[in-house]
Amino acid sequence: MTLKGITAMRAQHDYLFHHPLYLERCQRPACPSHVTLGRRYKALTAKLQAFTEYIAASEFAREAEFLQEIVYEDKSLCKAAGPVWHQKDRLKDHLPKNLRGVDKTATWSKSGYHGWVYGYGLHLTGIGNGFPVMFQVLPANVNERKVLDRKKDPTHGKRRAMYCHR
């Protein structure tokens, strides 16, 4: 769905409902509701994190000498689902009456490409050839330098790498 530019859960549900071929490819008998899609995406994050680290630490990665390269930390901002909770209201912890479905864990951050974004930051740690070795999804205002410092200790023991900040 990301490749097609469809990010809203309800829009993904509608697309799957009208394109049964994709349901067949995913081996799904019926189209799940948009709420189920959202719940499955949230549950998938921890599994993908563990799988990414498993592949990076695998025998294949050691044989291919992937881990002898420079490690990069990069942050990409993603918009939160639902309406935007403006900073002046967030600071006062005031939720306007007609604002429903707001994501209270999302935060504001500025992107050079997208400008101000209310949402989350995908912190991706990759090696020089682009192979991902770790990632974390955190509120948008978390600085990538702090994330890299947290990741440095577990990764440094596994691999000999020089850390760079992109």
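Undergrad: Explain the confidence of the model for the protein here, please?
TA: Parts of the prediction with low pLDDT should not have their coordinates interpreted in detail. Mean pLDDT over the protein: 78, with 80% of residues reaching 70 or higher. Within the protein, the lowest mean pLDDT, 45, falls on strand 5 (residues 163-165), and the highest, 89, falls on strand 2 (residues 107-111). Considering only residues more than four positions removed or in separate chains, one finds that residues 155-166, a stretch of pLDDT under 50, has 31 contacts.

Undergrad: Even after reading the chapter, I still don't get the packing of helix 1 (residues 9-18) against helix 3 (residues 34-56), so can you show me in this structure?
TA: Each pair of packed helices can be summarised by the angle the axes make with each other and by the distance between the axes. Where helix 1 contacts helix 3, the axes come no closer than 8 Å and their chain directions differ by 115°. By the angle between their axes, helix 1 is roughly perpendicular relative to helix 3. Considering how the two elements wind past one another, helix 1 and helix 3 form a crossing that is right-handed. On helix 3, the residues touching Met-9, Arg-10, Gln-12, His-13 and Leu-16 of helix 1 are His-34, Leu-37, Gly-38 and Tyr-41.

Undergrad: How should the nonpolar core be read in this particular structure?
TA: Of all hydrophobic cores here, the largest spans seven residues; its members are Ala-80, Trp-85, Leu-99, Val-102, Ala-106, Tyr-118 and Tyr-120. Non-local contacts of Trp-85, meaning those with residues more than four positions away in its chain, are made with Arg-90, Asp-93, His-94, Leu-95, Pro-96, Leu-99, Val-102, Lys-104, Trp-108 and Tyr-118. Formed by five residues, the second largest nonpolar core is a distinct cluster that contains Ala-56, Val-71, Val-133 and Met-134.

Undergrad: What should I look at first to understand a nonpolar patch on the surface in this one?
TA: A cluster of nonpolar side chains, contributed by Tyr-41, Leu-44 and Leu-48, occupies part of the molecular surface with about 250 Å² of accessible area. Residue position: Leu-48 is located in helix 3. Residue classification places Leu-48 among the partly exposed residues on the basis of a relative accessible area of 38%.

Undergrad: In this structure, what is going on with the pairing of strand 3 (residues 115-127)? I would like to understand it.
TA: Remark: a regular strand shows side chains that alternate across the two faces of the sheet. The pairing of strand 1 (residues 71-79) with strand 3 spans nine bridges and is classified as antiparallel. Bridge pairing in strand 3 links Cys-78 to Tyr-120. Both strand 2 and strand 3 contribute to a ladder of five bridges, which runs antiparallel. Bridge pairing links Trp-108 to Tyr-118 in strand 3.

Undergrad: I tried to follow the packing of aromatic side chains on my own but got confused; where do I start?
TA: The geometry of an aromatic ring pair is captured by two quantities: the separation of the ring centres and the angle between the planes. Scanning the model with the defined rule gives two aromatic pairs in all. Between Tyr-15 and Tyr-22, the aromatic rings sit 5.6 Å apart at their centres with planes inclined by 50°, giving tilted as the arrangement. When the ring of Trp-108 is compared with that of Tyr-118, the centres are 5.3 Å apart and the planes differ by 50°; the resulting orientation is tilted. Of the two residues, Trp-108 is situated in strand 2 and Tyr-118 in strand 3; the sequence distance between them amounts to ten residues. Judged by its relative accessible area of 4%, Tyr-118 falls in the buried class.

Undergrad: Any chance you could explain helix 1 here in plain terms?
TA: Each α-helix turn comprises 3.6 residues. Residues three or four places apart therefore point the same way. The complete set of buried residues in helix 1 reads Gln-12, Tyr-15 and Leu-16. Angularly, the buried residues of helix 1 cover 95° about the axis, an arc narrow enough to put them on a single face. Those residues of helix 1 that are exposed and angled more than 90 degrees off the buried face are Arg-10, Phe-17 and His-18. Packing partners of the buried residues in helix 1 comprise helix 2 (20-25) and helix 3.

Basis of the calculations
- Residues numbered from 1 in each chain as written.
- Predicted model: local features only at pLDDT ≥ 70, side-chain atom pairs only at ≥ 80, totals over all residues.
- Heavy atoms only, no water.
- pLDDT = per-residue confidence, 0-100.
- Helix = DSSP H or I, 4+ residues; strand = E, 2+ residues; numbered from the N terminus.
- Contact = heavy atoms within 4.5 Å.
- Axes fitted to C-alpha atoms, helices over the stretch in contact; angles between N-to-C directions.
- Parallel < 35°, antiparallel > 145°, perpendicular 65-115°, else oblique.
- Left-handed = near helix turned anticlockwise from the far one by under 90°.
- Core = buried A, V, L, I, M, F, W, Y, C linked by side-chain atoms within 4.5 Å.
- Buried < 20%, exposed > 50% of the residue type's maximum accessible area, 1.4 Å probe, protein only.
- Patch = residues over 30% accessible without salt bridge, like charges linked within 9 Å, V, L, I, M, F, W, Y side chains within 5 Å.
- Areas by Shrake-Rupley, 256 points an atom, 1.4 Å probe, with all protein chains shown as cover.
- Salt bridge = Lys/Arg side-chain N within 4 Å of Asp/Glu carboxyl O.
- Pairing = 2+ DSSP bridges.
- Phe/Tyr/Trp six-rings, centres within 6.5 Å; stacked < 30°, edge-to-face > 60°.
- Arc of directions from axis to C-beta.

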